[in-house]
Amino acid sequence: MTPQIPVTPAPALPAPAPLDAARRAIARQRRIALALPVLLLAYLFHAAIAFDLAGVAGRARWDNAVTLMGDFWSYKVHVTRQNRDGARPEVSIEGMRQARFAPDQEPGWVTRRPDGGVDVALPAGNEVHIAADGAARLVVDGTAYDVAPRGDGIAFDIPGPPAWMNASDRRLTATLPGARVTFTRARTEILRRQAGWELFFFDLQSPFYGRSLPELARLAVAGPQLRPGTPNIAAMGQDFWRNGIWHHGDVAWAMFETVLMAFLGTMGAGLVALPLAFLAASNFTPARLVRQVARRGFDFLRGVDALIWTIVLSRAFGPGPLTGSLAILLTDTGSFGKLFSEALENVDGKPIEGLRSTGAGALARNRWAVMPQISPVILSQLLYFLESNTRSATVIGAITGGGIGLLLVQAIQTQKDWEHVAYYIVLIVLVVMLMDWLSGRLRARLIGERA
Amino acid sequence: MTQRPIHNRIAADYRALAARRRSYSAILWGIFIALMVAGFRLANARSAGGFRAGLPQILDYPAELVAEAWSKAAGLPGLMAGFLPALVETIDIAAVSTILGALGGAVGALLSTRGLAPWPRLVPLFRRLMDITRAIPDIVIALLLIFVLGGGPIPAALAISFHTAGALGKMFSEVAENASLAPVEGLESVGANWLQRMMLGVLPQVAPDWLSYAALRFEINIRASAILGFVGAGGIGYELRNAISWGQGRYDAAAAVFLLLFLTIVAVDQASSAIRNRLTGGRAAR
Amino acid sequence: MRIEARGLTRIFGATRAVDDASFVIERPCMIGIIGSSGAGKSTLLRMMNRLTDASAGRLIVDGRDVLALRGAARRAWQSDCAMIFQQFNLVPRLDVVQNVLHGLLNKRGTLTALFGLWPAADIERAVAILDRLGIAEQAPKRAEALSGGQQQRVAIARALMQDPAIILADEPIASLDPMNAQVVMDSLRAIHDEDGRTVIANLHTLDTARRYCDRIIGMRKGRIVFDGTPAQLTTAAARDIYGAGAGFSEAATSTALEPQHAPARDPAYAARLLAD
Amino acid sequence: MRIEARGLTRIFGATRAVDDASFVIERPCMIGIIGSSGAGKSTLLRMMNRLTDASAGRLIVDGRDVLALRGAARRAWQSDCAMIFQQFNLVPRLDVVQNVLHGLLNKRGTLTALFGLWPAADIERAVAILDRLGIAEQAPKRAEALSGGQQQRVAIARALMQDPAIILADEPIASLDPMNAQVVMDSLRAIHDEDGRTVIANLHTLDTARRYCDRIIGMRKGRIVFDGTPAQLTTAAARDIYGAGAGFSEAATSTALEPQHAPARDPAYAARLLAD
Amino acid sequence: QEPITRFNIGVLGGENAQDRMTSNECLRKYAEEALGVPVKLFTPADYDGVIQGLLGGTLDAAILGASGYAKAYLTDPEAVEPVLVKTNLDGAANYFSIGIARKDHAIASMDDMKGKVLGFGDPNSTSGYLIPAVELPKQGYSMKPGEYFKDIKFTGGHEQTIVAVKNGDVDGGVTWADGLGNWEDGYNSGALRKAVDAGLVDMNDLVQIWKSEPIPEGPLVVRKALPADVKEKFTALVAGLIDKDKECAYGVASGETGGFKPVAHDAYATIIEVRKLEEQKKAN
Ligand SMILES: Nc1ncnc2c1ncn2[C@@H]1O[C@H](COP(=O)(O)OP(=O)(O)OP(=O)(O)O)[C@@H](O)[C@H]1O
Ligand SMILES: Nc1ncnc2c1ncn2[C@@H]1O[C@H](COP(=O)(O)OP(=O)(O)OP(=O)(O)O)[C@@H](O)[C@H]1O
Ligand SMILES: [Mg+2]
Ligand SMILES: [Mg+2]
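Everything in this summary refers to the structure shown in the same document. These numbers were taken from a predicted model, which means no experiment stands behind them.

Re the pattern of salt bridges
Right, on to step 1. If you walk through the whole model with that rule in mind, you get 73 salt bridges over all chains.
Right, on to step 2. A:Arg187 is the salt-bridge partner of E:Asp185, the closest N and O atoms lying 3.5 Å from each other. Residue E:Asp185 is found in the loop between β8 (172–177) and α6 (191–197), and its partner A:Arg187 is found in strand β12 (residues 187–195); the two belong to separate chains.
Right, on to step 3. Accessibility expressed as a relative area gives 13% for A:Arg187, which makes it buried.
Right, on to step 4. Note that D:Arg215 and D:Asp227 form a salt bridge whose closest N and O atoms lie 2.9 Å from each other.

What follows is the structure, encoded as C-alpha cells:
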C-alpha cells in the first residue's frame with residue numbers, strides 16, 4: 001500500500017507552535033519513562049551492593065536447599081549400632097525413640113543374621129554388612145571396604161578414599177545415593193532416605209500402622225476390632241489424633257490457637273477502637289487537644305508492632321495465647337482507630353442534621369445516623385484484618401506466644417524434621433487461604449460488596 | 001376508611017420483616033458475643049497468666065525499660081546514631097522488597113485479570129498462585145532462605161518480596177478489573193502486542209492506584225523487615241532483639257532502637273498516607 | 001399557638017446572615033420565605049429549629065423563649081418543630097419506615113432508640129403517614145433506593161411523625177424535578193389545610209410561593225424586606241426582594257410544571273388524604 | 001485492493017451475531033452499514049479488524065485470507081486496517097500526540113512507544129495529521145480533556161497514522177452531538193475522497209448513510225439484506241432492513257443538524273483540508 | 001501465704017516445642033499428683049519468654065540457662081531462687097564453650113585466628129557469647145573487632161554458627177557441647193552433636209580450637225513467692241525423679257543425666273559477675 005496522504009512536513013505546516021508543543025510533550029514523557037526505570041535500577045543496584053548480593057550468591061548453599069527440598073517429602077530410616085556395648089542394631093525412623101521398629105515391623109531391606117549381625121541393602125545396589133562384633137563391610141558399586149571400630153578410633157585400610165567418602169582415623173562418612181553411612185568408634189549408623197511422610201496417619205504403636213488403604217477401609221466398616229472395646233473407625237480417629245510423631249491433635253490445637261489469637265485480637269480491637277475513634281474525628285470531637293491526643297495515641301499503638309507488644313505484655317500475662325491476642329488487640333486498636341476515625345470524618349452530615357432537627361439526642365444520632373454509614377467500612381476492615389492477622393498471629397506465636405508459629409519456627413530452627421515444617425507450612429497456607437475466602441464471602445454477604 | 005386494610009397489611013408485613021431482621025441480627029450478635037466470650041475464656045485458660053492477675057502488672061516491664069533508659073538518657077542520641085546503619089538496612093530491605101513485590105504483583109495482576117490476561121484460561125491458575133504467595137507468612141520464607149543463603153538482608157528482602165507480590169497482585173488486579181477496556185481495545189485494533197497494550201493502555205489508567213497501594217505496602221514492609229530482624233535477617237530488628245533479650249543493663253539500647261523504629265514507622269506512615277491522598281485525590285486506598 | 005420572632009439575628013464572622021428579623025404568626029398558616037441566595041432564609045429557619053444558635057433576639061412561642069432552651073427542653077422544642085431539608089437528610093442505608101420512625105426518637109426511651117424496638121402502634125402510624133403521602137408501598141425499601149421526590153415525601157413523613165405544631169421546610173423542592181416538586185408542595189399544603197399545622201417554607205421560586213402560601217416573607221441581605229399576602233407581592237416588590245434591575249423576569253425563577261395549574265385545593269384529594 | 005468476504009459468520013452462544021455475510025469491494029469506496037441495534041454491524045467490523053474471531057467464513061484481501069493470520073501477521077493486518085470506535089477508545093490519561101503515535105505501534109518497536117523514542121518525522125507526521133483534522137492545537141493536551149468530537153478526530157488521526165488501506169468506523173458519531181457528528185463524517189469522507197482509502201462505517205441513521213456513502217449495506221439479524229447505492233435504498237428497503245412496520249419514519253433515525261444541508265463536498269473546504 | 005491454685009512450668013531448650021511438651025509430660029503428671037493443683041507446661045520460643053514469665057509470676061518453675069538465671073536475678077533478685085541443677089552422667093554439672101574451625105583452613109588454635117573472623121551465636125547465650133567474650137580477652141585475645149580478630153560476627157544461634165564455619169562465612173566459631181564422649185561424634189550432647197546427626201557437618205572437617213573453663217549448668221528455679229511447702233514438694237519431686245522414673249528424668253534433663261542435685265545461688269555468682277562486667281563494657 002502506497003501512502004496516498006500527501007505528507008510534506010515542516011514547510012506546509014501553518015504554525016510551528018503545535019509541533020513544538022507536541023515535541024515537548026513527547027520529550028517530557030520520554031524523560032519520565034526513562035527516568036523511572038533508571039532510578040529504580042540504580043536503587044536496586046545500590047541495594048545489591050549494600051546487601052552484598054554477589055557475596056551471598058557465592059556463599060549460597062544450594063546443596064542445603066537440595067537437602068531441604070528432599071527432606072520436605074522424604075524421611076530417613078536409621079540403622080544404628082552402639083559399638084560400646086555391642087548391642088543389637090536398632091532400626092528407627094529419624095532416629096526417634098518413639099519410632100523404633102519392633103523386630104517384626106522392620107523394613108525388608110534390613111536382614112538380621114542369626115549371629116546378631118545385620119545386612120542392610122541400600123539404593124543403587126550398595127550394601128552394608130555389620131558383623132556381630134561390630135566390624136562392618138561397606139559394598140559400593142561392587143567394591144568392598146572394611147571398617148572396624150577400635151578403642152581409640154576406627155580401623156580401615158582404604159588407600160585413596162573415593163570422593164564420596166570422608167575418612168579420618170576417627171570417623172568415616174560415606175555419602176551414597178539415597179543413603180549415608182557413618183562409622184565412629186562409638187557407633188555405626190546407616191541412614192536410608194525414603195519418600196513420603198512416614199507414620200503420618202498412624203505411628204508404630206498403632207495396630208493400624210502399615211496397612212493399606214483398602215484394608216483400612218474394610219476394617220473401618222467391618223472386621224475384628226483391633227483394639228477390643230473400641231469400634232475400629234473410632235480407634236483409627238484416636239490413633240490419628242494422638243499420633244506420637246506428627247501430633248495431629250496438638251497441631252490442630254495450635255492452629256486453632258493461632259486463629260483464636262487473630263479473632264480475639266481483631267474483634268477486640270474493633271470494639272475498643274470504635275468509641276475511641278469518635279475522639280479522633282474532627283466532626284465529633286471539636287476539642288483539638290483531645291483529638292490530637294487520641295490520634296497520637298493511635299499512631300503509637302500502631303507504630304509499635306504487635307510483636308513488640310507481645311514482648312512488653314509477656315511480663316504481665318506470661319506465655320500463651322492471651323498475650324498474643326492482647327498484642328494484636330493493641331496494634332489493631334491503633335490501625336482501626338485511624339481507619340474508623342477517617343470513616344467518621346467522611347460521614348455525610350446531612351442524615352445527622354436530619355436527626356438533630358427532630359430533637360434526637362447524641363446517642364440516638366450516633367446510633368441511627370452515624371453507625372449505618374460507617375458499619376460497612378467497619379465490617380469490611382474487620383474481616384480484612386482478620387485474614388491478615390491470622391498470618392501475623394503465626395509470626396507472633398513464633399516469637400513468644402504459642403500456636404502453630406511456635407511449632408513451625410522451632411521445627412525450622414532445630415533443623416531436624418523438615419517434613420514437619422512442610423506439614424505446618426501447608427496447614428498455615430490452607431488456613432490463611434480459607435480465612436481469606438471466608439472473609440471475602442462474609443464481606444460479600446453482609447455488605448453486598450463484590451467479593 | 002377503605003385504605004385501612006392496605007396499610008395495615010403493609011405495616012404487618014413490615015413488622016414481620018423487621019422482626020426477622022432483628023432476630024437475624026440478634027442471632028449474629030449472639031454468636032459473635034458467645035465466640036468472643038468463649039474465645040477469651042479459652043485463651044485465658046490456656047495462658048500461663050490470667051487476664052485479671054496480669055492487668056495490674058501491665059506497666060511493670062515498660063516501667064523498667066523506661067526507668068533505665070531515662071537514667072541513661074544522655075547516651076540515647078549517641079546510641080541512636082549508632083543504630084542508624086541498621087535502620088537504613090531495614091528501610092532498604094523494605095524498599096527493595098516493595099519494588100520487587102510491586103513488579104511481581106503487577107505482572108501477576110495482569111496475568112490474572114479477566115479481560116487483560118494474555119492466556120484467559122490460565123487466570124484461575126495465576127490467581128491461586130497469588131493466593132498461595134500471599135498466604136505464606138514471610139517469616140517462613142525468610143527462615144527457609146536463611147538456611148540456604150545465610151543470615152542477612154537478602155533472605156528478608158526476598159521473603160517480603162514474595163509475600164508482597166501476592167498481596168499487591170490481588171489489590172492491583174482489583175484495580176485493573178475496573179480499568180476501562182476501551183483504550184486496550186483501541187490499541188489492539190492498531191495491531192499493538194500484549195505488552196504494548198498493557199503498558200500504554202492499562203498502566204496509565206491504574207498507575208495512581210497502584211502507586212498508592214505500593215506506598216501503603218512500603219509502610220507495612222518496614223514493619224515486616226523490622227520483624228524479620230528478630231529471626232536473624234539483619235536490620236534494626238536484630239539490634240532490638242539483642243537489646244531486649246539481654247534485658248536489664250541494655251534497656252537504653254532497646255529504648256534507642258525502639259524510638260528510632262517507632263519514629264521511622266510513624267514518619268513513613270504519614271508520608272505514605274500523604275502520597276496516597278495526593279495520588280488518589282482523597283480516595284482512601286485499601 | 002402564637003409565634004413571635006423579635007429581632008432575630010445571626011452573625012457569621014463579618015456577615016449578618018439574619019439581621020434583626022421580627023414577625024408574628026398569630027394562627028396556623030402557610031408561609032413562604034423568598035429571597036435570593038445568601039439572603040438568610042436557611043439561617044432563619046435553622047435558628048427557629050435551634051440547629052443554629054441565634055446571636056441575638058428571641059423567638060417566643062406560646063409565651064416562652066424557645067431560643068433560651070437547653071438540653072432536653074431544647075430537643076423537646078425541636079421535636080415540636082419539624083424540619084425538612086433540600087437534600088432530604090434521610091439515612092440512606094436504612095429503610096423508609098425506620099427513617100420515618102426517627103421522628104419519634106425524642107419521644108421514645110433510650111432503649112427503643114438504641115435497639116430500634118418500636119411499638120407496633122408507632123409502626124402502624126408510620127405506615128399510615130406514608131400511605132397518606134402515597135408512598136406506603138416503598139415502606140420496606142432503603143431510602144437511598146427511592147427517587148428524589150419519594151425521598152422528600154419520606155422526609156415529610158418523618159416530620160409528620162413528630163406530630164409537630166410547626167413544619168419548617170428549607171427549599172424542599174430545590175433538588176426535585178417539576179413533577180416531583182408539585183407533589184411535594186401539594187403534600188405540604190395538604191398538611192397545613194388538613195392538620196392545621198403551621199408550615200414555613202423557604203422557596204426559591206416566586207410562583208411556587210404565590211401559588212401555595214397564605215403569606216409571603218421576603219428577605220434580602222438578612223433583613224425582612226417584605227411581609228404580606230401573595231396578592232401584595234407585585235413584580236415591583238419582587239424586584240425589590242431580589243435586588244434585581246428592571247430586566248427581572250419572574251419566569252427566571254419559575255420551576256412550575258404548568259404555570260396555569262391551580263393549587264391543589266381539590267376537596268376530593270383532601271378528603272382522601274384526611275381518611276386515615 | 002480487492003476485499004472479499006465469503007460467508008462470514010460469528011456465533012455467540014445461541015445467537016448468530018453475523019450470519020453468512022458475503023460481499024465484494026472491488027476498489028476503494030465509502031460504504032455505510034446500517035441496521036437496527038443488535039443486527040451484527042459491530043461484530044462484522046470487529047471480525048474484519050480481527051478484534052473478534054470469526055466462527056466461519058473467509059475475508060480475502062488481495063488474495064490471502066486475513067482471518068487465518070496469527071500472531072505478528074495478524075497484528076500487521078490490523079495495522080493495515082484501522083478501526084474507529086463509538087467511544088473513541090483513546091488512552092484518556094495520555095496526551096493527544098501520543099495517542100496518535102500509537103497508530104505506529106505495530107511498525108515501531110515496543111521500546112519506542114514505552115520510552116517515547118519516536119523519530120522526529122513521526123511526530124511531525126502526527127501533528128500534520130492533527131492539523132489536517134483541525135485539532136493540532138490540542139496536541140499536548142490529555143485526550144480526556146477534549147470534547148467528544150475532538151476525541152473522535154484524535155481517533156481518526158490515530159487511524160490515519162496507521163496509514164491503512166481500509167478504515168473501519170463503528171458508529172463513529174453515535175456519541176457525538178449533531179455539530180460534531182458532521183465534522184467527523186466530513187473528515188471521514190474527505191479521507192476517502194483525498195487519500196482514496198476504503199472507509200466502512202456503521203451508521204445508525206439512514207440519512208447520514210445516504211448523504212456520505214457511495215454504497216450501503218443493510219443488515220438485519222446478522223444477515224446482509226441490502227447491498228446497493230443510496231439511490232436504491234428506498235423507504236421500503238429501509239423498512240425491510242429495520243424490520244419496521246408501515247409507521248416507520250426515517251426522521252426517527254435522523255441526527256442531522258439541518259436536514260437540508262448538502263453533503264460536504266464543498267470544494268473550498270476540501271481545499272483547506274488538502275492544504276497540509 | 002495463700003495456697004496456689006495452679007502451677008505453671010516453663011520448659012526451655014533446643015528441642016522443638018512439641019518434643020519438649022512430650023518429654024516433660026511425665027513431670028507435669030507427677031507434679032499434679034504431688035501438688036494437687038492443675039499443672040501446665042509452657043514452651044516459649046526463647047529464653048526471654050520463660051524469664052519474663054518467671055519475673056511476672058505467671059510461671060512458677062523452670063530450668064534456665066546460667067546466663068538466663070543471672071538475667072532474672074539481676075532484674076529482680078527476689079523473683080526466683082535456684083534449687084536444683086542437672087548433673088551429667090559423671091556427676092559434674094558443667095558444660096563447655098567450644099571453639100571450632102575448618103580443618104582445611106590450617107587453624108589449630110586461637111593463636112591461628114589472628115586477623116581472622118570469629119563467629120558468635122546469640123549475644124544472650126552463655127556459651128555462645130558471654131563466656132568466651134570474657135575468657136578470651138583474659139587469654140590475650142582482644143574482643144575489639146580489628147584488634148586481634150579481623151572481625152566479630154553474630155550468626156544468630158549455635159546452629160547458624162556451625163553452618164557459618166562450615167560454609168566459610170567465618171573462620172572460627174564458638175558453640176557449646178557437654179565435653180563428654182568423642183569429638184568425632186560431636187560429643188555426647190550439644191549443638192555440635194545435633195548438627196552432626198542432622199548431617200549439617202562432618203566432624204572430620206572440623207577441628208576444636210578452643211575450650212572454655214567448665215560452665216555451670218543452668219539451675220532449676222522456682223518462684224521465691226511460692227509457699228514453702230510447694231517449693232519443697234516440687235524440689236523433692238524433681239530431685240527424686242531419677243530414681244522414680246529414669247526415662248522421665250532423661251526427658252526433663254533433655255538427655256542422659258545423673259540426676260538433679262541441690263544448688264544454691266552462690267554457684268552462679270561468677271556468671272552474674274561476668275554478666276555485669278559485660279554490661280559495663282557495653283555501656284562504655
Ligand atoms: N455556617 C456558616 N458559617 C459562615 N457563614 C454562613 C454559614 N451559614 C450561612 N452563612 C452565610 O450567611 C449568609 C446567609 O446564608 P443562608 O444559607 O441563610 O442563605 P439562604 O438565603 O438560605 O441562601 P440559599 O438560597 O443559597 O440557600 C450567607 O452569606 C452565608 O454565606
Ligand atoms: N461478546 C459478545 N458476547 C455475546 N454476544 C454478543 C457479543 N457481542 C455481540 N453479541 C450479540 O451479537 C448480536 C450482534 O451484536 P452487534 O454488537 O454486532 O450488533 P450491532 O448491530 O452493532 O448493534 P448496536 O447498534 O447496538 O451496536 C447481538 O445480539 C449481541 O447481543
Ligand atoms: Mg439556603
Ligand atoms: Mg454496535
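There is more to say after this.
Here's the deal with the pairing of strand β11 (residues 219–223) of chain E
Residue and element names in this part refer to chain E.
Right, on to step 1. With five of five residues buried, β11 is to be regarded as a mostly interior element.
Right, on to step 2. Residue alternation in β11 divides its side chains into two sets, Pro219, Val221 and Arg223 and Leu220 and Val222, and both sets are buried.
Right, on to step 3. Looking at chain direction, strand β3 (residues 61–63) and β11 are connected through three bridges and run antiparallel. Bridge pairing links Ala61 to Val222 in β11.
Right, on to step 4. In terms of strand pairing, strand β4 (residues 80–87) meets β11 through five bridges, oriented antiparallel. Looking across to β11, one finds that Val80 is bridged to Arg223.

Some remarks on the site of ligand 2
Residues and elements named next belong to chain D.
Right, on to step 1. Near ligand 2, the surroundings consist of Phe12, Thr15, Ala17, Ser36, Ser37, Gly38, Ala39, Gly40, Lys41, Ser42, Thr43 and Glu171.
Right, on to step 2. In the environment of ligand 2, an oxygen atom lies 3.1 Å from a nitrogen or oxygen atom belonging to the backbone of Ala39.
Right, on to step 3. Note that an oxygen atom of ligand 2 is positioned 2.5 Å from one of the side-chain N or O atoms of Ser42.
Right, on to step 4. Here ligand 2 loses 57% of its free accessible area of 620 Å² to cover by the protein chains.

Describing a nonpolar patch on the surface
Right, on to step 1. A surface patch of nonpolar side chains, about 660 Å² in accessible area, is lined by A:Leu434, A:Trp437, A:Leu438, A:Leu442, A:Leu446, B:Tyr24 and B:Leu28.
Right, on to step 2. The element that contributes the greatest number of residues to the nonpolar patch is helix α13 (residues 418–447) of chain A, accounting for five residues.
Right, on to step 3. The residue A:Leu442 is located in helix α13 in this model.

Some remarks on the arrangement of the chains
Right, on to step 1. The highest contact count of any of the seven pairs of chains in contact belongs to chains A and B.
Right, on to step 2. For chain C and chain D, which are not in contact, the least C-alpha distance works out to 24 Å.
Right, on to step 3. Considering only C-alpha positions, the minimal separation of the non-contacting chain D and chain E is 43 Å.

What counts and what doesn't
Residues numbered from 1 in each chain as written. Chains lettered and ligands numbered in written order. Predicted model: local features only at pLDDT ≥ 70, side-chain atom pairs only at ≥ 80, totals over all residues. Heavy atoms only, no water. Salt bridge = Lys/Arg side-chain N within 4 Å of Asp/Glu carboxyl O. Helix = DSSP H or I, 4+ residues; strand = E, 2+ residues; numbered from the N terminus. Buried < 20%, exposed > 50% of the residue type's maximum accessible area, 1.4 Å probe, protein only. Pairing = 2+ DSSP bridges. Near = heavy atom within 4 Å. Polar contact = N/O pair within 3.5 Å; in protein donor to acceptor, adjacent residues only side chain to side chain. Areas by Shrake-Rupley, 256 points an atom, 1.4 Å probe, with all protein chains shown as cover. Patch = residues over 30% accessible without salt bridge, like charges linked within 9 Å, V, L, I, M, F, W, Y side chains within 5 Å. Contact = heavy atoms within 4.5 Å.

All quantities given are derived from atomic positions and should not be read as evidence of function.
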